[in-house]
Amino acid sequence: MIAFTAQSLLTPNERVANPLILVEGGGIAEVRARNAGESPSDVRMVDFGEATIAPAYIDLHVHGGAGHDVMHTDGDGLARFERSLTSHGVGAYFPTTVTAPLDATLSALENLADTIEAVPSRGASNRAIPLGIHLEGPFISHARRGVHPPANLVPPTIAIFERFWQAARGHIAVMTIAPELDGAVEVIEHATRRGVCVSLGHTDATLEEARAGISAGARHATHTFNAMRPLNHREPGILGEVLTNARLSADIIADGIHLDPAIVQIFLKAKGKEEAVLITDAISATDMPDGRYMLGGIEVEVKDGKCLADGKLAGSVLTMDRAVRNVMQFAGWDLQQSARLASENPARVTGLKTRGRIEPGARADFVVLNAAGEVMRTVIGGHES
Ligand SMILES: [Zn+2]
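Remember, it's a predicted structure, so these values are computed and weren't measured experimentally.

**Describing the environment of Ile129**
With respect to the helices, strands and loops of the structure, Ile129 is situated in strand 12 (residues 129-130). With relative accessibility at 11%, the residue Ile129 sits in the buried group. As for Ile129 and Gln265, which are separated by 136 residues in sequence, their C-alpha atoms are 31 Å apart. Residues within four places of Ile129 in sequence aside, it is in contact with Gly91, Ala92, Tyr93, Val119, Arg355, Arg363 and Ile380.

As structure tokens, then:
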């Protein structure tokens, strides 16, 4: 048994001073204040001193990092990528595809399913864990495709969704779709029945079309404001719904490039600490020098923190710890509120029961932070890195 302690703990709903977290077999057995009882005698104490322990971050939209792209198969690259996630406080992630030719998508889904199914055989490791696939494209709008290749966009059909589902062996956890496309409502209903978290994104939907998607089962929105019909005061479009529907969660890329800090503030005021989620949308160039990188089959030029293809933004090199610090800086939110947008909220959105919170029965996945939100250490399944 291992006991972790630090100056404080964010569960994240509560702040516990001088906490003691007892961990056994990779899971949390007990959480309490250090002085609230005797420590069991047979434990190894790990003391993080002045730091704060918070639930490890969860990224539900990430394409790669450390030179690795999740649609390409490379075991060493995957390990490097997952270690780089851990170094930024991420304990679990949802590898995200981009639109590609059908065959390339199907084989990427098969390979990602292999990766996910191989996790239990990895043993203790300091690598972030892939939990499910985020399918971004091909069911997206030509008008709001961003850099997704137009030739590979396809109208949504249950038949094509099922080909993806079978290739992924049921591991599709999140799907971004434009609800206004012909056939989208049926596919949203079908995917929702399959247990997929359907997210509205890369969309030119009107207010009514967005509402129809939500009625069909969509419950989240992908990189709000980016690749979305813009807000207009007489034609609010999908953003009118995303920003006012209290039951809809939504995510943003808070890198200071995709959204002006003022827009981040507007978003946070609208969605609040319960429904706002941080994603990175990071690509293989993350944690790498400037240069040319791949995003699926798309070549991206990275310079000064900006990823461009064809003059358009093509993902980011944002890391989750920086996204949390940016929320603190852009909106004046405290560490507790900001960190929650990267842990409890994405866990709830994706239906994770044992992650995103520090409580008995949860996995022992923590990020150890200083007061500025910088990562001192990450613990995955009780294993320190
Ligand atoms: Zn993306």
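**Notes on empty space enclosed by the protein**
Applying the stated criterion across every chain, the model contains two cavities of 30 Å³ or more. One number sums up the size of the largest cavity: a volume of about 80 Å³. Lining the largest cavity are 17 residues, and of these Leu85, Ala282, Thr286, Leu318 and Thr319 lie nearest its centre. Broken down by secondary-structure element, the contributors of at least two residues to the lining of the largest cavity are strand 8 (57-62), strand 9 (64-65) and helix 1 (75-87). Taken together, the residues that form the lining of the largest cavity break down as eight nonpolar, seven polar and two charged. Looking at the lining of the second largest cavity, the elements with two or more residues in it are strand 8 and strand 11 (90-97).

**Observations concerning the side chain of Lys271**
Relative to the elements of secondary structure, Lys271 occurs in helix 7 (residues 261-275). Of the polar contacts made by the side chain of Lys271, one reaches the backbone oxygen of Asn245; its length is 2.9 Å. Ignoring sequence-local partners within four residues, the contact set of Lys271 consists of Val242, Leu243, Asn245, Leu248, Ala250 and Ala276.

**As for the packing of helix 3 (residues 158-167) against helix 4 (residues 184-193)**
Any two packed helices are characterised by the angle at which their axes cross and by the distance between the axes. Relative to each other, helix 3 and helix 4 sit at 35 degrees, their axes nearing to 9 Å. Taken as a pair, helix 3 and helix 4 cross one another with a handedness that is right-handed. When helix 3 is examined against helix 4, the residues Ile158, Phe161 and Glu162 are found in contact with a partner set consisting of Glu186, Val187, His190 and Ala191. When the residues that make up the contact of helix 3 with helix 4 are grouped by side-chain class, the tally is four nonpolar, one polar and two charged.

**Concerning the packing of aromatic side chains**
Where two aromatic rings form a pair, the distance of their centres and the angle of their planes describe that pair. Under the criterion given, the structure shown has five aromatic pairs. Both rings, one in Phe4 and one in Phe48, keep their centres 5.9 Å apart while their planes meet at 10 degrees; by these two values the pair is stacked. A residue pair is termed long-range when its members are at least 10 positions apart, and Phe4 in strand 1 (residues 2-5) and Phe48 in the loop between strand 6 (44-47) and strand 7 (52-55) qualify at 44 residues. By the burial criterion, Phe4 is buried, and Phe48 matches it. Measuring from ring centre to ring centre gives 5.9 Å for Phe139 and Phe164, while their planes differ by 50 degrees; the resulting arrangement is tilted. Of this pair, Phe139 sits in the loop between strand 13 (133-136) and helix 3 while Phe164 sits in helix 3, and the two are 25 residues apart along the sequence. Summarising the burial analysis for this pair, Phe139 and Phe164 share the class buried. Within the aromatic cluster, the residues linked to one another by ring pairs are Phe4, Phe48 and Phe366.

**What about helix 8 (residues 320-331)?**
In a regular helix each residue adds 1.5 Å, so twelve residues correspond to 16 Å; helix 8 covers 16 Å between its end C-alpha atoms and thus fits that length. In terms of burial, helix 8 is largely enclosed, as nine of its twelve residues are buried. Burial in helix 8 covers these residues: Met320, Asp321, Ala323, Val324, Arg325, Asn326, Val327, Met328 and Phe330. Just downstream of helix 8, Gly332 is the residue with a positive phi angle, here 70 degrees.

**Regarding the coordination of the zinc ion**
Distances from the zinc ion to its protein donors, His61 (NE2), His63 (NE2), Glu136 (OE) and Asp281 (OD), fall within 2.0 to 2.3 Å. Its four donor atoms give the zinc ion angles of 83 to 170 degrees at the centre, a pattern that matches the irregular case. Taken in sequence order, the residues that donate to the zinc ion follow the motif H-x1-H-x72-E-x144-D. His61 sits in the buried class, given a relative accessible area of 0%. Classification of His63 by relative accessible area gives buried; the value is 2%.

**Points about the sheet that holds strand 24 (residues 375-380)**
Strand order in the open sheet formed by six strands is 3-2-7-23-24-25, with mixed pairing between adjacent strands. The open sheet has two free edges, formed respectively by strand 3 (15-17) and strand 25 (383-384), since each of these has just one partner strand. Where strand 2 (residues 8-10) and strand 3 come together, three bridges link them in antiparallel fashion. Each bridged residue has a counterpart across the sheet, and for Leu9 the counterpart in strand 3 is Val16.

**Some details on the nonpolar core**
Counting 82 residues, the largest nonpolar core has Tyr57, Met175 and Leu278 as the members making the most contacts within it. No other element matches helix 8, which puts six residues into this core. In this structure Leu278 touches Ile252, Ala254, Met320, Ala323, Val324, Val327, Ser338, Leu341 and Ala342, once residues within four positions along its chain are discounted. In terms of nonpolar packing, the next biggest core, distinct from the first, is built from 18 residues, Leu9, Ile21, Val23 and Val46 among them.

Quick notes on the rules
- Residues numbered from 1 in each chain as written.
- Predicted model: local features only at pLDDT ≥ 70, side-chain atom pairs only at ≥ 80, totals over all residues.
- Heavy atoms only, no water.
- Helix = DSSP H or I, 4+ residues; strand = E, 2+ residues; numbered from the N terminus.
- Buried < 20%, exposed > 50% of the residue type's maximum accessible area, 1.4 Å probe, protein only.
- Contact = heavy atoms within 4.5 Å.
- 1 Å grid on protein atoms, 1.4 Å probe; cavity = no way out; pocket = protein on both sides within 12 Å on 5 of 7 lines; lining within 4 Å.
- Points joined across faces, edges and corners; volume = space filled by probe spheres on them.
- Nonpolar A, V, L, I, M, F, W, Y, C, P; charged D, E, K, R; others polar.
- Polar contact = N/O pair within 3.5 Å; in protein donor to acceptor, adjacent residues only side chain to side chain.
- Axes fitted to C-alpha atoms, helices over the stretch in contact; angles between N-to-C directions.
- Left-handed = near helix turned anticlockwise from the far one by under 90°.
- Phe/Tyr/Trp six-rings, centres within 6.5 Å; stacked < 30°, edge-to-face > 60°.
- Expected span 1.5 Å × (residues − 1).
- Donors = N, O, S within 2.8 Å, 3.2 Å for Na, K, Ca; no water.
- Tetrahedral: all angles 85-135°; square planar, octahedral: opposite > 155°, others 65-115°.
- Pairing = 2+ DSSP bridges.
- Core = buried A, V, L, I, M, F, W, Y, C linked by side-chain atoms within 4.5 Å.

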